[in-house]
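Understanding the architecture of this molecule
So you can see what is in the structure, the chains are spelled out below.
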Amino acid sequence: MATAEVTSTPTNGTRTRPFHVVLMTIYSVENAGIRYVSAALQREGIETTIVFLRDWVHNRLTMPSDNEFDIALDVIRQNDADLVGIGFMSSLLPMATELNHRVKMAFPDKPVVWGGIHPTSTPETCITETDFVCVGEGEIAIIELCKAVRDGEQVTEIPNIWANIDGEIHRNEPRPLIQNLDWLPYPDTADENKVYIEKDAFTIEEPWKRGAEYRIYFSRGCPYNCSYCYVSILRDVYDEKGKQFYRARSVEHILGELEHMQRTFPKVARVKIDDDTSFAFGEDWMEEFLEKYPNRIGLPFECLLIPPMMRPNMLIKLQAAGLVRVQTGIESGSAKESKEMHNRSPGNTAIMKFAEANKTMGMNVVYDVIIDNPHATEEMKLETAEFLLDLPRPYDIYFYSLNYFPGTALTRQGLEEGTLDPNLVEGANNKAWYQFRVSMDWPRSNEDKFYLALYCLASKSFVPRDFIRKLIDQRETWKKNPEPVYYLAWAANYAKMFYVAMRYFKNGELTWFKVRQYGNITQMISQ
Amino acid sequence: MGLRDRIKGRLNRLRGGIDALKDEAKHPGRPADHRIAGNPFYESEADRQAREEASSAAAVRTAERAAAAPSQPPTDPEPSPSPVTSALPDPNVRPGGDATDQDAFWFLDGTDVDDGWDQTNPSKPDAEE
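A brief report on the enclosed structure follows. (Residues numbered from 1 in each chain as written. Chains lettered and ligands numbered in written order. Predicted model: local features only at pLDDT ≥ 70, side-chain atom pairs only at ≥ 80, totals over all residues. Heavy atoms only, no water.)

Residues and elements named next belong to chain A. Note that Asp448 resides in helix H16 (residues 446-458). In this structure Asp448 comes out as buried when scored by relative accessible area, which is 18%. As a C-alpha pair, Asp448 and Val75 span 373 residues in sequence and 46 Å in three-dimensional space. (Helix = DSSP H or I, 4+ residues; strand = E, 2+ residues; numbered from the N terminus. Buried < 20%, exposed > 50% of the residue type's maximum accessible area, 1.4 Å probe, protein only.)

This part takes up the packing of helix H1 (residues 32-43) of chain A against helix H6 (residues 139-151) of chain A. Residues and elements named next belong to chain A. Between H1 and H6, the shortest axis-to-axis distance is 9 Å and the interhelical angle comes to 50°. The pairing of H1 with H6 is recorded here as oblique in orientation. H1 and H6 meet at a crossing whose hand is right-handed. Facing Tyr36, Val37, Ala40 and Leu41 of H1, the residues of H6 in contact are Glu139, Ile142, Ile143 and Cys146. (Axes fitted to C-alpha atoms, helices over the stretch in contact; angles between N-to-C directions. Parallel < 35°, antiparallel > 145°, perpendicular 65-115°, else oblique. Left-handed = near helix turned anticlockwise from the far one by under 90°. Contact = heavy atoms within 4.5 Å.)

Moving on to the pairing of strand E10 (residues 213-216) of chain A. Residues and elements named next belong to chain A. Residues Glu213 and Arg215 point to one face of E10 and Tyr214 and Ile216 to the other, with burial holding for every one of them. Where E10 lies against strand E13 (residues 270-273), four bridges are found, and the strand directions are parallel. Residue pairing across strands places Glu213 opposite Arg270, the latter belonging to E13. (Pairing = 2+ DSSP bridges.)

The residue Asn164 of chain A is located in strand E6 (residues 161-165) in this model. Taking the C-alpha atoms as reference points, Asn164 of chain A and Ile127 of chain A, 37 residues apart in sequence, are found 6.3 Å from one another.

Okay, the layout of surface pockets next. Considering only enclosed or pocket space, the largest pocket measures out at about 940 Å³ in volume. In terms of lining, the largest pocket is formed by 38 residues, of which the most central are Asn364, Asp396, Lys496 and Arg503 of chain A together with Arg30 of chain B. Breaking the lining of the largest pocket down by element, the ones donating at least two residues are strand E15 (323-331), helix H12 (348-361), strand E16 (364-371) and helix H19 (483-506) of chain A. With six residues, the single largest contributor to the lining of the largest pocket is H19 of chain A. For the lining of the largest pocket, the class distribution of residues is 18 nonpolar, seven polar and 13 charged. (1 Å grid on protein atoms, 1.4 Å probe; cavity = no way out; pocket = protein on both sides within 12 Å on 5 of 7 lines; lining within 4 Å. Points joined across faces, edges and corners; volume = space filled by probe spheres on them. Nonpolar A, V, L, I, M, F, W, Y, C, P; charged D, E, K, R; others polar.)

All names here are of chain A. If you check helix H2 (residues 66-79), its first and last C-alpha atoms are 20 Å apart, about what 14 residues at 1.5 Å a residue would give, namely 20 Å. Taken as a whole, H2 has its buried residues at Glu68, Phe69, Ile71, Ala72, Leu73, Val75, Ile76 and Asn79. Buried positions along H2 lie against strand E1 (20-26), strand E2 (47-53), strand E3 (83-87), helix H3 (93-106), strand E8 (194-198) and strand E9 (201-204). Looking one or two places after H2, you find Asp80, whose phi comes out positive at around 45°. (Expected span 1.5 Å × (residues − 1).)

Okay, the pattern of salt bridges next. All names here are of chain A. This structure, assessed with the given rule, holds 46 salt bridges over all chains. Where Glu137 meets Arg220, a salt bridge forms, and the shortest distance between an N and an O atom there is 3.1 Å. With a gap of 83 residues between them, Glu137 in the loop between strand E5 (132-134) and H6 and Arg220 in strand E11 (residues 219-220) connect regions that are remote in the sequence. Both residues of the pair, Glu137 and Arg220, belong to the buried class. (Salt bridge = Lys/Arg side-chain N within 4 Å of Asp/Glu carboxyl O.)

Let us look at the sheet that holds strand E17 (residues 396-401) of chain A. Residue and element names in this part refer to chain A. A sheet is described by the order of its strands in space; here six strands give the open sequence E10-E13-E14-E15-E16-E17, paired in parallel fashion. Edge positions in the sheet fall to E10 and E17, since each has one partner strand and no second. The average undirected angle you get between the axes of adjacent strands in this sheet is 20°. Summarising the sheet, E15 and E16 pair through six bridges and their orientation is parallel. Residue pairing across strands places Arg325 opposite Asn364, the latter belonging to E16. Along the sheet face, helix H10 (residues 312-321) touches strand E14 (301-304) and E15 and points at about 135° away from the line of E15. H16 contacts E16 and E17 of the sheet and is inclined by roughly 160° relative to E17.

This part takes up the nonpolar core. Residue and element names in this part refer to chain A. Grouped together as the largest cluster of nonpolar side chains are 57 residues, with contacts concentrated most on Leu258, Phe279 and Phe301. In contact with Leu258, not counting residues within four places along its chain, are Tyr214, Ile216, Val271, Tyr293 and Ile297. Counting residues in each nonpolar core, the second largest holds 38 residues, with Val365, Phe387, Phe450 and Leu457 among its members. (Core = buried A, V, L, I, M, F, W, Y, C linked by side-chain atoms within 4.5 Å.)

Once that is clear, we can look at the pairing of E13 of chain A. Residues and elements named next belong to chain A. Both faces of E13 are covered, namely the face carrying Arg270 and Lys272 and the face carrying Val271 and Ile273. In the sheet, E13 pairs with E14 via three bridges, with the strands oriented parallel. The residue of E14 that forms the bridge with Ile273 is Cys303. A crossover links E13 with its parallel partner E14, the connecting element being helix H9 (residues 283-296), and its sense is right-handed. (Right-handed = clockwise from strand over helix to strand, strands pointing away.)

Considering the arrangement of structural elements, one finds Arg247 of chain A in strand E12 (residues 247-248). A distance of 2.8 Å separates the side chain of Arg247 of chain A from the side chain of Glu137 of chain A, its partner in a polar contact. For Arg247 of chain A, the residues in contact, after removing those within four places along its chain, are Glu137, Leu177, Ile178, Gln179, Leu181, Phe218, Ser219, Arg220 and Gly221 of chain A together with Arg94 of chain B. (Polar contact = N/O pair within 3.5 Å; in protein donor to acceptor, adjacent residues only side chain to side chain.)

A few words on the sheet that holds E2 of chain A. Residue and element names in this part refer to chain A. Taken together, the nine strands give an open sheet; going across it, the order is E7-E6-E5-E4-E3-E1-E2-E8-E9, and neighbouring strands pair in mixed fashion. Strands with a single pairing partner mark the edges of an open sheet, and in this sheet they are strand E7 (168-170) and E9. Averaged over all pairs of adjacent strands, the angle between strand axes in this sheet comes to 20°, irrespective of strand direction. Bridge count between E8 and E9: four bridges; the pairing is antiparallel. Its bridge partner lying in E9, Ile197 is registered against Phe202.

Following this line, the structure appears as structure tokens:
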């Protein structure tokens with residue numbers, strides 16, 4: 001734990017170089033928060049290095065090797081780091097704890113701060129494992145912590161920062177959320193200070209550049225407060241301070257970041273606006289964006305939209321500005337499940353109209369659907385199947401297996417009512433290691449297998465809808481013995497993938513080189 | 001390399017391709033967008049080019065770092081080109097006043113929306129005004 005002194009040891013009198021922070025994240029190369037923190041520190045003259053410890057493609061999350069941990073420790077040693085930050089999600093708690101342990105064993109005097117959504121949701125348990133925990137938005141808090149450590153000032157009264165001083169816990173309320181997001185720097189995406197560790201080796205690179213997509217956030221927060229989502233954690237943490245929870249950057253600030261990106265990401269071909277909800281902004285904001293984006297950036301973009309607020313006229317304008325693909329959350333086709341379990345406004349009518357508008361415009365659409373909800377009734381699952389069947393094709397689905405993350409409204413409610421086994425909460429559980437991307441071979445009840453099969457079939461344009469409706473009519477039979485339907489859905493996935501492969505082949509893109517490159521599936525984890 | 005080895009090599013690659021197909025078919029939905037790099041069924045040509053260029057640039061950068069001074073700390077990056085600290089806005093002042101979330105988000109009022117589809121959003125539908 002941190003030094004017994006309430007104030008830290010001053011380092012400014014002896015240092016001949018800037019304060020240096022090594023930030024680490026595990027299985028999360030897409031982590032934007034750590035890049036924002038890094039950039040905010042750099043703006044204050046504090047040096048940073050970011051370590052990305054492994055990436056994943058499918059559900060293959062295993063503990064990093066000794067050698068990989070040692071590489072991470074070497075980064076701390078080579079930079080003579082003054083502070084180490086570890087950011088992680090709940091499911092990765094065992095790995096973060098192991099990393100923390102190894103850092104403290106190797107460098108007992110270097111303070112370690114944990115941040116990210118897991119420490120934010122469970123600071124009481126996290127603070128017993130480490131020196132500091134950052135709760136909530138971290139940019140300003142970490143700057144203050146670094147300056148306090150550097151200058152030997154109080155480290156026990158910094159808003160957002162919980163401190164463990166020789167076992168004595170100092171808890172501090174979070175400061176209000178950043179209201180003007182234009183204060184934020186652009187995320188740190190330089191190559192030189194990034195260390196990407198994979199397969200017992202490392203490279204010096206910004207892993208975001210390993211794709212043609214640039215992910216950007218126009219806003220923070222979300223108008224919704226879905227019970228299963230991290231947003232419900234943050235709304236709880238911020239309470240009244242989070243009243244103005246959903247905040248947008250100015251158009252100029254966003255375009256500035258994108259112009260910087262175009263200079264530094266040579267191969268970017270599209271932009272993904274990765275807000276939980278995009279474009280729920282005012283009319284003036286929208287008009288300014290629609291006018292400036294095509295001229296100054298001009299790249300195709302994708303985003304998540306809310307059907308109840310999105311109208312064809314605006315969709316047409318967005319398409320003209322470059323929108324090529326839309327993602328939207330259905331989650332459940334059941335109004336009861338949406339309202340009573342997910343705390344979402346029922347929106348099937350709006351989603352259907354939205355889908356028809358997208359179909360007319362030829363927009364590529366993908367819907368989010370949540371499965372594996374142990375409290376969903378069969379009627380709810382049936383309503384979802386019927387709604388998916390009614391949606392205009394073609395469309396894709398992102399399936400999400402319901403996980404209980406600590407601190408979400410859903411988890412809190414389940415624990416309070418005694419309907420949720422605490423061992424099923426991520427952190428104690430690690431289901432997300434295996435179902436980050438839903439797979440067909442995860443153990444499910446016969447009923448869940450049957451309905452997942454129906455959802456899969458419903459989204460395949462080549463499977464006749466009448467056939468699926470017949471399966472629904474005969475559901476009492478198939479639920480008892482779902483394997484034929486389940487394997488049919490699996491076969492439909494094969495057929496779709498085979499079709500994709502043949503399309504590549506026809507276009508001359510399926511070369512032996514490509515097959516060889518991708519053939520060894522373990523190589524797909526990091527290429 | 002003999003004919004037998006070539007046939008064997010091609011069969012192995014084919015088996016690898018089939019393994020990739022099997023693995024992808026096991027997953028009923030799309031991968032998340034940021035997970036398509038390296039996935040033969042979703043990665044576009046632009047993604048592939050970006051990945052290959054990033055990989056080779058990273059290899060060169062890493063080798064140069066190792067050859068130059070393996071025990072020295074890495075070069076500091078250029079700070080992100082954001083406004084200088086003195087020109088920054090006050091992070092605590094919300095631009096555009098202090099309306100609460102709920103004021104702006106009429107679509108969260110718990111009802112399904114069936115009208116106003118000829119309007120340009122995000123204006124409130126007539127029925128709600």
